[in-house]
Amino acid sequence: MHQLSNWPVWAELIRFTTDFGCEDHMNQINSIITVVCIQLALVISGCTPSQTVARTDARHGKALFAEKCAECHGSGGLGAGPASLGPGQRAPALTLLSARNGGEFPRDYVMGVIDGYERRNHPPAAMPEFGAGDLGPVILVEKDDLATPIPADLLALASYLQSIQE
């Protein structure tokens, strides 16, 4: 009589078939086990979350600008978009932000206006508060030894606006 051990059932089956000279059955079982392991590995690899790289470059910002901002600010940021702020009013040109700030691009201020945090000089209903929507995954940006979480799309928009300064 064949002694059972603490081996898994499939291992006992392999041992049983080899003890009785069933090499063909053992080869079939090995093939089945191999196929099952490969399928299991494929299933597990498909279940792992994919890592997407958050884009903060000016090129991505340009696409976002065309989608979210050009309606009012125009495709080149000159304030000549088809949407109006009211009779005789245009959205401000965004190509002169650096010139109005002593030649330095006011990145933090610009991101605050886009986000909705900084609205001192804007009529409340004139510009949508984009921070209330989805501005992409959050990235930690280090400045002065402090890490600040900033949405990737907000950084991309600021990068694009910085790239169109005159």
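Preceding this section is the structure that the text describes.
Below you will find a few notes about this structure. (Residues numbered from 1 in each chain as written. Predicted model: local features only at pLDDT ≥ 70, side-chain atom pairs only at ≥ 80, totals over all residues. Heavy atoms only, no water.)

**Some remarks on the overall build of the protein**
Looking only at helices and strands, the protein features six helices and two strands. Helices and strands in the protein line up, N terminus first, as α-α-α-α-α-β-β-α. (Helix = DSSP H or I, 4+ residues; strand = E, 2+ residues; numbered from the N terminus.)

**Re the packing of aromatic side chains**
Scanning all chains against the criterion turns up one aromatic pair. With 5.3 Å between their ring centres and 50° between their planes, F65 and Y160 make a pair best called tilted. With F65 in helix α3 (residues 58-68) and Y160 in helix α6 (residues 152-163), this pair connects stretches of sequence that are 95 residues apart. Take Y160: its relative accessible area is 6%, and that puts it in the buried class. (Phe/Tyr/Trp six-rings, centres within 6.5 Å; stacked < 30°, edge-to-face > 60°. Buried < 20%, exposed > 50% of the residue type's maximum accessible area, 1.4 Å probe, protein only.)

**Structural notes on helix α5 (residues 107-115)**
Restricting attention to buried positions, one finds in α5 the residues V110, M111, G112, V113 and I114. Buried-residue contacts for α5 involve β2 (146-151) and α6. After α5 finishes, the residue G116 shows a positive phi value of roughly 110°. (Contact = heavy atoms within 4.5 Å.)

**Let's talk about the packing of α5 against α6**
Interaxial distance between α5 and α6 falls to 10 Å at its minimum, and their mutual angle equals 125°. Comparing their axes, α6 and α5 come out oblique. Relative to α6, the crossing made by α5 is right-handed. Across the interface between the two elements, R107, V110, M111, I114 and D115 of α5 pack against L154, L155, L157, A158 and L161 of α6. Looking at the contact of α5 with α6, its residues break down into eight nonpolar, no polar and two charged. (Axes fitted to C-alpha atoms, helices over the stretch in contact; angles between N-to-C directions. Parallel < 35°, antiparallel > 145°, perpendicular 65-115°, else oblique. Left-handed = near helix turned anticlockwise from the far one by under 90°. Nonpolar A, V, L, I, M, F, W, Y, C, P; charged D, E, K, R; others polar.)

**Regarding the pattern of salt bridges**
Applying the stated criterion across every chain yields a total of three salt bridges. Residue D57 pairs with R55 through a salt bridge whose shortest N-O separation is 3.0 Å. Classification of D57 by relative accessible area gives partly exposed; the value is 31%. Judged by its relative accessible area of 40%, R55 falls in the partly exposed class. Note that R107 is salt-bridged to D108, the shortest N-O span being 3.5 Å. One network of salt bridges, in which partners are shared, links R107, D108 and K143. (Salt bridge = Lys/Arg side-chain N within 4 Å of Asp/Glu carboxyl O.)

**Describing the pairing of strand β1 (residues 138-143)**
In summary, the side chains of a regular strand alternate between the two faces of the sheet. Inspection of the sheet shows β1 paired to β2 by six bridges, in the antiparallel sense. In the sheet register, I139 faces β2, and the bridge partner there is I150. Once β1 ends, the chain turns through two residues before running back antiparallel as β2, passing D144 with a positive phi of about 55°. (Pairing = 2+ DSSP bridges.)

**Overview of the state of the cysteines**
Counted under the stated rule, the structure contains zero disulfides. C69 takes part in no disulfide bond, and the closest cysteine sulfur to it belongs to C72, at a distance of 8.7 Å. Residue C69 is classed as buried on the basis of its relative accessible area, which comes to 12%. (Disulfide = S-S within 2.5 Å.)

**Points about α6**
The terminal C-alpha atoms of α6 lie 17 Å apart, and with twelve residues this matches the ideal 16 Å at 1.5 Å per residue to within 8%. The buried fraction of α6 is high, at nine of twelve residues. Those residues of α6 lying buried are A152, D153, L154, L155, A156, L157, A158, Y160 and L161. Where α6 is buried, its residues contact α3, α5, β1 and β2. (Expected span 1.5 Å × (residues − 1).)

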